[in-house]
Structure formats: structure tokens, C-alpha cells
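Residue-level structural notes
Spelled out from the first residue to the last, the chains are:
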Amino acid sequence: MAGLSALRGGIERQLINRDYARLWYGQAVSTLGDFVFDTTLVLWVATDLARGRSWAPAAVSGVMLAVGTAVLVVGPLAGVFVDRWDRKRVLLRTEVVRALLTGSLAAVSFLPASALPTGVWLALIYAVVFGVNAAGQFFSPARFAVLGQVVSGDADRTRAAGIGQATTASASIIGPPLAAPLLFAAGLQWALVLNALSYVFSWWAIRSVRVAEQQHDGQSAAGAGRLRQEFVAGLRFFVGNRFLVALLGIAVIAQCGTGAINSLNIFFVTGNLHTDSRLYGFVSTAFGVGAIAGSLLAGRVVRRLGARTTTWAALLLTGALVLAYARQTGFVGGVVLLTAFSLPVAMLNTAMTPLLLDATPTEYLGRMMAVFNPVNQLASMLSVVVAGWLASSALRDFHGHLAGVGIGPIDTVFSAAGLCIVMAGLYAAISLPRKREPEPAAAPAPQPAAAH
């Protein structure tokens, strides 16, 4: 037992501190469960519930729509309540809600598929997916706020965000391949039970995180007028904060590029890289490996360059690599560049965490995330729609040459995406204010963001 305690203590020291380590334990297990859950539901709907039906793609898309709807509908209001309530209690209660929702669907799924009409099954799935992701809109900003309490300093906060990004990337590599054999060998219900248990584990890990209990004014959260006032106050704070507005603008412009790549990359791999679709999994794995490496390196980069410089430099590098990727015609070169492209993307995602935390007082963190995340989700969805429309209609038959290089519809969209990301980097370099270091009120001039 002493050896086990020493091993756990060593792991927790490597993970910044004990409290962040507990947050990470919960995130690692529940995120892996989420990837298994999402992939299993999509596979079950496509291969069993809607097999051979003309509306099967629409049924699968409904799962994704339920996720997006939860973000856009619940996200903006969730931040108001997260700022009112004790954040640790929010984390614990949302894990209970998510465990109960997935556990309830698991219980129903022990029935044979023929026991309920297809429409009822789909309605149950969509409702649970919506509910789980709606609870996640409370969990994410609360976890973000707690992270800001248990980890301090740009370098450690970036390192914490990097570990989180690496964990998510690892889960995205491990989870989906586990889902198929689990579904076909054990059945849908056991994948759902696994996800429910992952939320139980997350609850257990978070329960021991030491966070100061928040003091509130005792006002009831049910008052619609007060809810509206606090929501409007959060919007005014966000709009009046030059740093946050700049970060949101940067993220939206970048999403115009990354959303297009996410939605069309399968067609680029098979058409431009002349690769069999069965090798597409290696492309996703390459991106995940690069994301893990970038996330773990981000802390060192921020320590040297500062979070502000890392943000705009990562965007410029990402845009340049996307432009190079768009010109590839072979599988090996494409995979190498995609892996390289994922490195600065991961660094960008982690570098923005300390910037957001530094720019937002703790009492507004929930409402800040309630604006930032839904707007980003909307930008991503619009980017996917526009990219799909361009590739399938406006540019469908487009072929030409530029400086002796052949160009087609998908690589043209990717080139435009790369330019959008470069624009986001230039905008970041110009518009991001230089952070003030803590200093006396009489200090004569602001100081640039410095490494810690």
C-alpha cells in the first residue's frame, strides 16, 4: 500500500499538483467513455437500427445535430448558473446527471431492437445525447473555472491545458477502435454501461479536489428577471473586454479554415492523395499523434515565447502548413504535413487557455465560456456547411492551372482555409493587447506577456 501511495504521489507531482491530477483522472476516463459512447451509437444506428434504409444518413446526422443543438441552446444560459453556483458542486451534479441518463438508456437497450418502434429508439437516443451534452455545457465552464483555481501561472496553466488536449487526442485514437468490437461482441448496452461508469469514476475523482467553496448572495436562481440581468451583464462584460473580443474574432476566423478541413478531408485523401478510403484511419491517427505531441510541448513553448506570441505564431504556422497540405498529391507527403499541421493547432488550443483565464474575473468565467463556446460551435457548423456547398455545387466541376500547378475543388477550398488561418494569425498579432503584469497602480507603462 505504501508503494502504491508513493506511485500515485509521483504521478500527481508530474501532473502539476494533486488537485489538477484528480481533475485529470476524471477527464481521462470520462472522455474515453464519451468517444466509445458516441462511436457506438453512430455504429448501432447505421448498422442495426437504420440498416438498409434510405434515411440512414439522416438518422446518423441526427446524433450530431443533437450535440450541436445542446451547445447552441443550453450553452449561453448555462454560464449564468455556473457563475451563481459552487463550481465543484456543478461538476459533481452534472456527472450524476450524465451517469443516470446513459445508465437509463443502457437499461432500455437490454430490450431487443424489435421491442420498440424505430422512431421511439431514435427519439430516446437523441434525447439522451442532447441531455448528456446539455449537462456538459454546465460541466465544461465549471471545470475551466476550477482549473483556474487549482493551477496558477501562464506556464502551468498552458501545461495543464496541454495535458488535457493530449488526453482528448489520445482518447480519440483509442476510443473509436474500441467501440466496434465492444458493440458487435458484447452489445450496445455494455458500451452504454461503460460510459455510465466512466461518469461515476469522474465523480469519485472530482469529489476529492480541494477548492474553496464559493459564497453567494442567496438569490434564487429561478427568477427570470434576474437571470436575464446576469446574462446581459455577462454579454456586456464580454463585448467591453477588448482582449476577449479579439480572442473570439481570432477563433472564429480560424474556424472558417479548420471546419472545412474536418468536413472534406476524406475526399481530399481519396481524390487528391489517391489513397484507398480504408487507409483514412491512418490519417486520423497521424493527426492525433501530432496533437498529443503539440499539446505536451505547448507548456515549454509558452514558457519561452509567452501565450500571446504562441497564439499568433501557431496560427501563422498552421495556415502555412495547410497551404502546403493542399498541394500534396501523395499519401506519405500528405500524412507528414497533416501530422506537422496538428502540432501548432494543439499548441494554439492550449495557449489560449491562460489568455482566457487572465482576461476574465472568476465571477464571469461561466458566462465568458457561455459566449465563447457557442459562437465557436456556430462558426464551425457554418464553415462545414459552406465548405460542403462549395465542394458539391459551386466548385464541383472546377479544374484549372495556376503557375503550372493543377488545381481542383477540394484543394481550392483547403487553400482558402489556409488563407483564413493565416489571416487569423495576422489579426492576432495586431489585435491582441499586450497583457499587463501585476504591478502598482502608479506603474508608468504596460509590460508585455512574459514567460514564467
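Residues numbered from 1 in each chain as written. Predicted model: local features only at pLDDT ≥ 70, side-chain atom pairs only at ≥ 80, totals over all residues. Heavy atoms only, no water.

**A short note on the overall build of the protein**
Put simply, the rule is: Numbering of helices and strands starts at the N terminus; helices are DSSP runs of H or I of at least 4 residues and strands are runs of E of at least 2. For every residue, the accessible area obtained with a 1.4 Å probe (protein chains only) is divided by the maximum for its type, and the residue is called buried under 20%, exposed over 50%, and partly exposed between those limits. Surface exposure here means Shrake-Rupley accessible area, sampled with a 1.4 Å probe, where a residue is shielded only by the protein chains that are shown.
From N to C terminus, the protein includes 14 helices and two strands. Each of the 452 residues in the protein was classed as buried or not, and the buried ones make up 48%. Here the protein has roughly 20,800 Å² of accessible surface; of this, 67% comes from carbon and sulfur atoms.

**Thoughts on the nonpolar core**
Operational definition: What we call a nonpolar core is a set of buried Ala, Val, Leu, Ile, Met, Phe, Trp, Tyr and Cys residues that are connected through their side-chain atoms within 4.5 Å.
Judged by nonpolar contacts, the single largest core of 81 residues is most densely connected at Tyr20, Leu247, Leu315, Tyr325, Met368, Phe372 and Phe414. Among the elements that make up this core, the one with the highest residue count is helix H9 (residues 242-272) (13 residues). Counting residues in hydrophobic clusters, the runner-up holds 24 residues, among them Leu41, Ala59, Ala99 and Val129.

**Some points on the packing of aromatic side chains**
The line we're drawing: Two rings belonging to Phe, Tyr or Trp (six-membered ring only in the last case) form a pair when the distance between their centres is within 6.5 Å. Interplanar angles under 30 degrees mark stacking, angles over 60 mark edge-to-face geometry, and anything in between is tilted. Our definition puts a charge over a ring when NZ of Lys or CZ of Arg is within 6 Å of the ring centre and also within 35 degrees of the ring normal.
In the structure shown here, the tally under the stated rule is 10 aromatic pairs. Residues Tyr325 and Phe414 carry aromatic rings whose centres are separated by 6.1 Å and whose planes lie at 20° to one another, so their mutual orientation is stacked. With a gap of 89 residues between them, Tyr325 in helix H11 (residues 307-325) and Phe414 in helix H14 (residues 409-431) connect regions that are remote in the sequence. Judged by its relative accessible area of 2%, Tyr325 falls in the buried class. Through a chain of ring-to-ring contacts, the aromatic side chains of Phe81, Trp85 and Phe138 assemble into a single cluster. Positioned above the aromatic ring of Phe139, the side-chain terminus of Arg98 is 4.7 Å from the ring centre.

**Topic: the pattern of salt bridges**
Opposite charge on two side chains permits pairing when their charged atoms draw close. Rules: For this analysis, a salt bridge means a side-chain nitrogen from Lys or Arg found within 4 Å of a carboxyl oxygen belonging to Asp or Glu.
For the structure shown, the criterion picks out eight salt bridges. Where Arg84 meets Glu230, a salt bridge forms, and the shortest distance between an N and an O atom there is 2.8 Å. Here the residue Arg84 occupies a position in helix H3 (residues 56-84), and Glu230 occupies one in helix H8 (residues 224-240), the gap between them amounting to 146 residues. Across the pair, Glu230 and Arg84 agree in class, each one buried. Linking Asp411 and Arg327 is a salt bridge whose minimum nitrogen-to-oxygen distance equals 3.1 Å. Taken together, the residues Asp411 in helix H14 and Arg327 in the loop between H11 and helix H12 (331-359) connect sequence positions 84 residues apart. Judged by relative accessible area, Asp411 falls into the buried class, the value being 4%.

**Comments concerning the packing of helix H6 (residues 154-186) against helix H7 (residues 188-207)**
Heads up, the condition is: Helix axes are fitted only over the stretch in contact, all axes being lines through C-alpha atoms; the angle between N-to-C directions runs from 0 to 180 degrees. Put simply, angles under 35 degrees are roughly parallel, angles over 145 are roughly antiparallel, angles from 65 to 115 are roughly perpendicular, and the rest are oblique. Working rule for contacts: check all heavy atoms of both residues, and any pair within 4.5 Å makes them a contact. Three residue categories are used. Nonpolar comprises Ala, Val, Leu, Ile, Met, Phe, Trp, Tyr, Cys and Pro, charged comprises Asp, Glu, Lys and Arg, and polar comprises the others, including Gly.
Following both chains from N to C, one finds H6 and H7 inclined at 130°, their axes separated by 6 Å at the closest point. In terms of orientation, H6 lies oblique with respect to H7. Residues Leu182, Leu183 and Ala186 of H6 lie in contact with H7, whose contacting residues are Leu188, Gln189, Trp190, Ala191 and Leu194. Each residue belonging to the contact of H6 with H7 can be placed in one class, and the counts come to seven nonpolar, one polar and no charged.

**Topic: H6**
In plain terms, the rule: To estimate how far a helix should extend, the number of its residues minus one is multiplied by 1.5 Å.
The terminal C-alpha atoms of H6 lie 45 Å apart, and with 33 residues this matches the ideal 48 Å at 1.5 Å per residue to within 8%. Positive backbone phi, approximately 110°, marks Gly187, located one or two places after H6.

**Brief notes about the packing of helix H5 (residues 118-150) against helix H13 (residues 365-394)**
The angle between the axes and the distance between the axes are what describe a pair of packed helices. Threshold: Left-handed is the label given to a crossing in which the near helix is rotated counterclockwise from the far helix by less than a right angle, and right-handed is the label when the rotation is clockwise.
Interaxial distance between H5 and H13 falls to 9 Å at its minimum, and their mutual angle equals 130°. Between H5 and H13, the interaxial angle falls into the category oblique. Here H5 and H13 pass one another in a crossing that is right-handed. Contacts between H5 and H13 pair Pro141, Phe144 and Ala145 from the former with Leu365, Gly366, Met368 and Met369 from the latter.

**So, unusual backbone geometry**
Its identity as a non-glycine residue notwithstanding, His274 has a phi of 55°, on the positive side. Looking at the element boundaries, His274 is found in the loop between H9 and helix H10 (280-305).

**Topic: the environment of Arg22**
Mapped onto the secondary structure, Arg22 falls in helix H2 (residues 18-49). On the basis of relative accessibility, which here comes to 11%, the residue Arg22 falls in the buried class. Distance in space between the C-alpha atoms of Arg22 and Val209 is 6.2 Å, their sequence separation being 187 residues.

**Re the environment of Val97**
For Val97, the location among the structural elements is in helix H4 (residues 87-108). Sequence spacing of Val97 and Val132 is 35 residues, and the spatial spacing of their C-alpha atoms is 7.7 Å.

**Here's the deal with the environment of Gly418**
Along the chain, the position of Gly418 falls in helix H14. Taking the relative accessible area as the measure of exposure, Gly418 reaches 0% and is therefore buried. It is 8.9 Å that separates the C-alpha atoms of Gly418 and Ala254, two residues lying 164 residues apart in sequence. What Gly418 contacts, discounting residues up to four positions off in sequence, is Gly319, Val322 and Leu323.

**Examining the confidence of the model for the protein**
Selection criterion: The predictor attaches a confidence to each residue, called pLDDT, with possible values from 0 through 100.
Per-residue pLDDT for the protein averages 80, and the proportion of residues at 70 or more is 87%. For the stretch residues 1-8, pLDDT sits under 50, and the model shows two contacts to residues farther than four places along the chain or on other chains. Counting interchain partners and residues more than four positions distant, the pLDDT-below-50 stretch residues 217-222 has seven contacts.

**Details of a nonpolar patch on the surface**
What counts here: Residues forming no salt bridge and having over 30% relative accessible area are the ones grouped into patches, like charges within 9 Å of each other and nonpolar side chains (Val, Leu, Ile, Met, Phe, Trp, Tyr) within 5 Å.
Taken together, the side chains of Val29, Val96, Leu100, Phe201, Trp203 and Trp204 make up a nonpolar region of the molecular surface, amounting to roughly 520 Å² of accessible area. Residue assignment for the nonpolar patch shows that the elements contributing at least two residues are H4 and H7. Checked against the element boundaries, Val29 lands in helix H2.

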